[in-house]
Amino acid sequence: MSLYKAFFKIIKRNWVSILVYFGITLGIIGLLSGIYKEKADKKAVLDSYPIYIEDLDRSEASKALVAYLSKIHKVSSEKMTEDAIRDNLYYEQIVSSIRIPKGFGDTFLTTGENQIVNTYDDSMPVGISISLQINNYLQSLRSYVLEGDNISDAAAKATESLDIAKYVSIRPSEGVSNGGLRAAFNYIPFGILSVLITGIFPVIAGFNRGEKKNRIQVSAMAPGKRTGWILSAAATFAAAVLLFFIVIATITGGSGVSPGNTPGSGTDASAAARSMEMFSETWWLAVLNALVFTVVVAMMISMFANVPFLAKAPAMVFSNIVGLGFCFLGGTFVPLSVLGDSVKVVGRFLPNYWYTLANDRIFEGEGISGIWECFALQLIFGLACLFVGLAAARISAERREVA
């Protein structure tokens, strides 16, 4: 029990670094999972840009055009001179300056001639896009007027006909929701890697070197019991960290599960209700994925602590290099679909890659049969690290005996 208590006493010495990584991970989960959740509900809309409109006509047609552009873009209300317009275009305070000349309304409705002048930077294609919006709206407006509608009704119909939300939509995920819960669980590996390395690695490495190791070896405690207490303390700390991040991810991400899309769910109302619960099959699979990853990280830390030249390195080095490197190469911060083929080749040798792949499959509706290989490959990586660490520890012990 003394080793168990000593383990946590040493961890307390690094509590500042541990809290820093807790805070960074909480910020990542809170901010980025919220962005994912917002994108999941976003509808198709036109891009909005700052523009300037000078309406010299003040006719019903010109006012209708100004009202339409104002719904899409941010129209500057400040009166500008030619020099001011030029400066604002140069510094990209506005992307387009639209001038509606006097007499435009009567001329356009009668002959269809468009006298509007759109001034923009030729190097910015957005100016051409705004010109197309103007032309499309005016042609639609004139068509309705020629059919007998007054300008007010024609303007309303033209605006409605050009509303892309009626014709373009963002297709929802065919599986389980890709919202906040999926993103929150996707970012957990960074916190697990950083916090466990910062907390556990210095303790294990410290027990394996110098005066501490000599005192532990000459104590009356049996070797198996010593190892058991150290493993128990490390497992307690790792379990507490994992539980904390799972709770935060669940609270921050929300349910994130769509009725009827969870693995094995039926079409009846009770199945839909069960799928929305926190302890749904999808949620449990995500938790199991995080648990497997935590075990793998613990095995990797044992290798760091037992390989002599790695055991001497500061914990912050591993937490930064390993934590950030694994997360960027393994799809934690960058979606796997965006990673290049050469990066994926490297990423397949890292547990983060298989964790992320499993997380994606889980929230796309896969069951255990579709993700077990991801769990297995994570564990293979962890076992390889464990065996390397045990081999290094044995070689070091034999060298000391020979010396």
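Residues numbered from 1 in each chain as written. Predicted model: local features only at pLDDT ≥ 70, side-chain atom pairs only at ≥ 80, totals over all residues. Heavy atoms only, no water.

K.L.:
Would you explain the pairing of strand β1 (residues 50-55) in this entry?
P.N.:
For a regular strand, side chains alternate in direction, first toward one face of the sheet and then toward the other. Counting buried positions along β1 gives five out of six residues, so the element sits mostly inside the fold. As paired elements, β1 and strand β2 (residues 74-76) share three bridges and run parallel to each other. Counted as the bridge partner of I51 is V75 from β2. Regarding topology, helix α3 (residues 60-72) serves as the crossover connection from β1 to the parallel β2, and that connection is right-handed. Note: β1 against strand β3 (residues 96-100), five bridges, orientation parallel. Residue pairing in the sheet places Y52 in a bridge with S97 of β3. (Buried < 20%, exposed > 50% of the residue type's maximum accessible area, 1.4 Å probe, protein only. Helix = DSSP H or I, 4+ residues; strand = E, 2+ residues; numbered from the N terminus. Pairing = 2+ DSSP bridges. Right-handed = clockwise from strand over helix to strand, strands pointing away.)

K.L.:
How should the pattern of salt bridges be read in this particular structure?
P.N.:
Any two side chains of opposite charge can pair, on the condition that their charged atoms come close. Per the counting criterion, the structure on display carries six salt bridges. Across the pair K79 and E54 runs a salt bridge whose closest N-O atoms are separated by 3.5 Å. One end of the pair, K79, is in the loop between β2 and α4 (82-90); the other, E54, is in strand β1, and 25 residues separate them in sequence. Classification of K79 by relative accessible area gives exposed; the value is 61%. Taking the relative accessible area as the measure of exposure, E54 reaches 16% and is therefore buried. Its salt-bridge partner being R182, residue E364 comes within 3.4 Å of it at the nearest N-O pair. Taken as a pair, E364 in the loop between α16 (351-362) and α17 (368-402) and R182 in helix α8 (residues 180-207) lie far apart in primary sequence, 182 residues in all. Overall, the relative accessible area of 12% leaves R182 in the buried class. Among the charged side chains, a network of salt bridges with common partners joins R182, D360 and E364. (Salt bridge = Lys/Arg side-chain N within 4 Å of Asp/Glu carboxyl O.)

K.L.:
I would appreciate a short explanation of the sheet that holds β1 in the present structure.
P.N.:
Adjacent strands of a sheet pair through backbone hydrogen bonds, lying either parallel or antiparallel. As summarised here, the arrangement of the four strands in space is β2-β1-β3-β4, forming an open sheet in which the pairing is mixed. Here the strands that pair on one side only, and so sit at the sheet edges, are β2 and β4 (117-119). Looking at each pair of strands side by side, their axes are set apart by 30° on average, direction ignored. As judged from the three bridges shared by β3 and β4, these two strands associate in the antiparallel manner. Counterpart to S97 in the pairing with β4 is T119. (Axes fitted to C-alpha atoms, helices over the stretch in contact; angles between N-to-C directions.)

K.L.:
Is there a simple way to explain the packing of aromatic side chains in this structure?
P.N.:
For any pair of aromatic rings, geometry is given as the distance between the ring centres together with the angle between the planes. All chains considered together, the criterion is met by 14 aromatic pairs. Here the aromatic rings of F22 and F244 are separated by 5.0 Å at their centres, their planes lie at 80°, and the arrangement is edge-to-face. Of this pair, F22 sits in helix α2 (residues 15-40) while F244 is found in helix α10 (residues 223-253), placing the two residues 222 residues apart along the sequence. Take F244: its relative accessible area is 33%, and that puts it in the partly exposed class. Here Y90 and Y91 contribute two aromatic rings whose centre-to-centre distance is 4.9 Å and whose plane-to-plane angle is 90°, an arrangement assigned as edge-to-face. In this structure, Y90 and Y91 share a single accessibility class: exposed. (Phe/Tyr/Trp six-rings, centres within 6.5 Å; stacked < 30°, edge-to-face > 60°.)

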